[in-house]
Amino acid sequence: MKVTYLYHSGFTVEDERAMYVFDYYKGKLPETEADKQMYVFVSHRHSDHFNPEIFEWEKEHPKIQYILSDDVEADPAPNRIFLPPDKKIKIGTLKIETLRSTDEGVAFLVAFRDKRIYHAGDLNWWHWEGESIDYNRSMRKNYQKEIKKLARKKIDLAFVVLDPRQGGAAFSGIDYFMRNVRAEHVFPMHMWKDYGLTDRLLTSEISSGYRNRIHRVWEEGQTVEIKERKGE
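What counts and how
Residues numbered from 1 in each chain as written. Predicted model: local features only at pLDDT ≥ 70, side-chain atom pairs only at ≥ 80, totals over all residues. Heavy atoms only, no water. Phe/Tyr/Trp six-rings, centres within 6.5 Å; stacked < 30°, edge-to-face > 60°. Helix = DSSP H or I, 4+ residues; strand = E, 2+ residues; numbered from the N terminus. Buried < 20%, exposed > 50% of the residue type's maximum accessible area, 1.4 Å probe, protein only. Lys NZ or Arg CZ within 6 Å of the ring centre and 35° of its normal. Axes fitted to C-alpha atoms, helices over the stretch in contact; angles between N-to-C directions. Parallel < 35°, antiparallel > 145°, perpendicular 65-115°, else oblique. Left-handed = near helix turned anticlockwise from the far one by under 90°. Contact = heavy atoms within 4.5 Å. Nonpolar A, V, L, I, M, F, W, Y, C, P; charged D, E, K, R; others polar. Pairing = 2+ DSSP bridges.

So, the packing of aromatic side chains
The relative placement of two aromatic rings is captured by the distance of their centres and the angle of their planes. Overall, the coordinates contain 19 aromatic pairs when judged by the stated rule. Ring plane angle 80° and centroid distance 6.2 Å describe the contact between Trp125 and Tyr176, whose orientation is recorded as edge-to-face. With Trp125 in the loop between β10 (115-119) and α1 (133-147) and Tyr176 in helix α2 (residues 172-180), the pair connects residues that are 51 residues apart, well separated along the chain. Judged on exposure class, the residue Trp125 and its partner Tyr176 are both buried. Members of the aromatic cluster, connected to one another through ring pairs, are Tyr5, Phe11, Phe22, Phe41, Phe108, Phe159, Phe187 and Tyr195. Taking NZ or CZ as reference, Lys26 lies 4.5 Å from the ring centre of Tyr7, over its face. We note Arg80 situated over the ring of Phe55; from NZ or CZ to the ring centre the distance is 3.9 Å.

Take a look at the structure:
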């Protein structure tokens, strides 16, 4: 699989059969065959996760399917599916499960053949200075509840929130995820172009037990080839 970082929380994942696009906000899509199957996921309606421009792509890509959180405002169409939290569906050989975000919309768990991809959307352990103790406690509880749903699943590729605006609490969500989920390849996202935050995580003692599973994200358009390990 080839992973391309677009911008903010936007990524594409491509294999020989299809391209999967997550939370396109802006950036340049990798070139691919016009008739290749394309799945476009939108986790929620926030403008840094959803750009209506995605609906123009079907002019060039006839085999396109949109999987949208049900809070996204868009007209119904045969190739658009709107999903609430805690939903499981199947599209051909593609299995999709949604988790409830701790902000808006959903997170996606996508399975095809023997692979699983997780995209968090805005599902994160949001802790904000200035909020009440009860608010931050509720955020922690709700985040951990959702992540525990992934604990027994092997995930090949994950995109997880790492937000610099949280200050000293920025590592909380991704740290809990890494310690509780069997994810082989993890890409931080939602960094608001503060790409040095990935380096600070990787050099922090907190990540010593899992930093080898985290990929550095440093520029838009960056691509990484994910190769199968021997025996898989």
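Read on for the rest.
Some remarks on the packing of α1 against α2
It is the contact of α1 with α2, at a shortest axis distance of 11 Å, that shows an interaxial angle of 30°. Between α1 and α2, the interaxial angle falls into the category roughly parallel. Remark: the crossing between α1 and α2 carries right-handed chirality. Across the interface between the two elements, Tyr143, Gln144 and Ile147 from α1 touch Gly173, Ile174, Tyr176 and Phe177 from α2. In terms of residue class, the contact of α1 with α2 is made up of five nonpolar, two polar and no charged.

Details of the sheet that holds β10
Taken together, the six strands give an open sheet; going across it, the order is β7-β8-β9-β10-β11-β12, and neighbouring strands pair in mixed fashion. Where the open sheet ends on each side, the last strands, each with one partner, are β7 (88-91) and β12 (182-189). The mean inter-strand angle of the sheet, taken between neighbouring strand axes irrespective of direction, is 20°. In this structure, β10 lies alongside strand β11 (residues 154-161), joined through three bridges in parallel fashion. Residue Ile117 lies in a different strand from β11, and its bridge partner there is Leu157. Relative to the sheet, α2 contacts β10, β11 and β12, its axis offset from that of β12 by approximately 165°.

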